[in-house]
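Chain by chain, the residues:
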Amino acid sequence: AQSVTQLGSHVSVSEGALVLLRCNYSSSVPPYLFWYVQYPNQGLQLLLKYTTGATLVKGINGFEAEFKKSETSFHLTKPSAHMSDAAEYFCAVSEGYTGNQFYFGTGTSLTVIP
Amino acid sequence: NAGVMQNPRHLVRRRGQEARLRCSPMKGHSHVYWYRQLPEEGLKFMVYLQKENIIDESGMPKERFSAEFPKEGPSILRIQQVVRGDSAAYFCASSPQQGATNEKLFFGSGTQLSVL
């Protein structure tokens, strides 16, 4: 069975500071891992995903995440926060390429302080 | 090319009424997924449909909920005799191919259902 845990439902960082959003997963099969972002009044937008290959994945808007199998983690980072990064972030796991559904975490709301 | 369109954005119903949520997939997309986001919870899978077929409804409550994706027109998520616990944001996603992990999966902005 697949599940996702996002530690910290609310994270606040200063503009220019490092962003670190935590995600741990459990999966009975090799996982496919995702980060989605949701801006106010908008749908979910794919930030990045890990399927196979390189464990450090780069996404849009300067975000990246590293798949660490030994730690069952897929934390999202960005070196320098911008005001425009304020949003809700969701980590998700899927049952391989043909899986029909995501298992989402409960989300982390990121606030950027000027 | 318009994105995934969901309407209405906000829907208010009284207990016992019916709620109909619509999802128009992106042009060329024949696969639709519905998710529900309850307060303080992550998105939960409800149902996966292809044109005229329900492929996976393992996340759908057994009673009062139904979904369809007709040959013509939008996908409809129907909730009969709504209760307060149905209040949530309902998201639709569409894709041109099978597999929720493909890069051509796009989400709509959701419908916020409030049951009074």
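Read on for a plain summary of the structure. (Residues numbered from 1 in each chain as written. Chains lettered and ligands numbered in written order. Predicted model: local features only at pLDDT ≥ 70, side-chain atom pairs only at ≥ 80, totals over all residues. Heavy atoms only, no water.)

Along the backbone of chain A there are zero helices and twelve strands. When its helices and strands are written in sequence order, chain A yields β-β-β-β-β-β-β-β-β-β-β-β. At 13 Å, chain A has a C-alpha radius of gyration in line with the 13 Å of a compact globule built from 114 residues. Here the C-alpha coordinates of chain A stretch approximately 40 × 30 × 20 Å along the principal axes. (Helix = DSSP H or I, 4+ residues; strand = E, 2+ residues; numbered from the N terminus. Rg over C-alpha atoms; globule rule 2.2 N^0.38 Å.)

What follows covers the pattern of salt bridges. In the structure shown here, the tally under the stated rule is five salt bridges over all chains. Put simply, K78 of chain A and D85 of chain A hold a salt bridge, and the shortest N to O gap is 2.9 Å. Each member of the pair K78 of chain A and D85 of chain A is classed as buried. Here R64 of chain B makes a salt bridge to D86 of chain B, at a shortest N to O gap of 2.7 Å. Taken together, the residues span a long stretch of sequence, with R64 of chain B in the loop between β6 (53-56) and β7 (65-68) and D86 of chain B in the loop between β8 (75-79) and β9 (88-95) at a distance of 22 residues. (Salt bridge = Lys/Arg side-chain N within 4 Å of Asp/Glu carboxyl O. Buried < 20%, exposed > 50% of the residue type's maximum accessible area, 1.4 Å probe, protein only.)

Residue and element names in this part refer to chain B. The antiparallel open sheet is built from four strands, whose spatial order is β1-β3-β8-β7. Because the sheet does not close on itself, it has two edges, and the strands there are β1 (5-7) and β7. Each adjacent strand pair in this sheet contributes to an overall mean axis angle of 15°, direction not counted. The pairing of strand β3 (residues 19-24) with β8 spans five bridges and is classified as antiparallel. By the bridge assignment for β8, A19 is matched with I79. (Pairing = 2+ DSSP bridges. Axes fitted to C-alpha atoms, helices over the stretch in contact; angles between N-to-C directions.)

Right, let's get into unusual backbone geometry. Cis geometry is found at the peptide bond from N7 of chain B to P8 of chain B, where omega equals 0°. Relative to the helices and strands, P8 of chain B resides in the loop between β1 and β2 (10-13). The residue N61 of chain A is not glycine, and still its phi comes out positive at about 60°. Considering the arrangement of structural elements, one finds N61 of chain A in the loop between β7 (56-58) and β8 (64-68). When its relative accessible area of 42% is taken as the criterion, N61 of chain A is described as partly exposed.

It is worth spelling out the environment of H31 of chain B at this point. Residues and elements named next belong to chain B. Summarising the element assignment, H31 is placed in strand β4 (residues 31-37). With a relative accessible area of 7%, H31 lands in the buried category. In the structure, H31 is positioned 49 residues away from Q80 in sequence and 24 Å away in space, judged by C-alpha atoms. The residues touching H31, leaving out its near neighbours within four places in the chain, are Y48, L49, Q50, F69, A93, S94, S95, P96, Q97 and Q98. (Contact = heavy atoms within 4.5 Å.)

Between two aromatic rings, the relevant description is the distance of the centres plus the angle of the planes. All names here are of chain A. If you walk through the whole model with that rule in mind, you get 15 aromatic pairs over all chains. Measuring from centroid to centroid gives 6.0 Å for Y25 and F67, while their planes differ by 35°, and the two rings are tilted. Placement of the pair is Y25 in strand β4 (residues 24-26) and F67 in strand β8, with a sequence separation of 42 residues. Comparing Y25 with F67 shows no difference in burial state: the two are buried. (Phe/Tyr/Trp six-rings, centres within 6.5 Å; stacked < 30°, edge-to-face > 60°.)

Moving on to the layout of surface pockets. Approximately 570 Å³ is the volume attributed to the largest pocket. If you trace the largest pocket, you find 26 residues lining it, with Q38, E88 and F90 of chain A together with Q37 and A89 of chain B closest to the centre. Mapped onto the lining of the largest pocket, the elements with two or more residues apiece are β10 (87-94) of chain A together with β9 and β11 (111-115) of chain B. Among the elements that line the lining of the largest pocket, the one with the most residues is β9 of chain B, at three residues. A class-by-class count of the residues in the lining of the largest pocket yields eight nonpolar, 14 polar and four charged. In this structure, the second largest pocket occupies an estimated 260 Å³ of space. Along its surface, the second largest pocket is lined by 16 residues, and L44 of chain A together with G3, V4, F106 and F107 of chain B are the ones closest to its centre. Mapped onto the lining of the second largest pocket, the elements with two or more residues apiece are β6 (44-50) of chain A together with β1 and β10 (106-107) of chain B. Ranked by residue count, the leading element in the lining of the second largest pocket is β6 of chain A, at three residues. (1 Å grid on protein atoms, 1.4 Å probe; cavity = no way out; pocket = protein on both sides within 12 Å on 5 of 7 lines; lining within 4 Å. Points joined across faces, edges and corners; volume = space filled by probe spheres on them. Nonpolar A, V, L, I, M, F, W, Y, C, P; charged D, E, K, R; others polar.)

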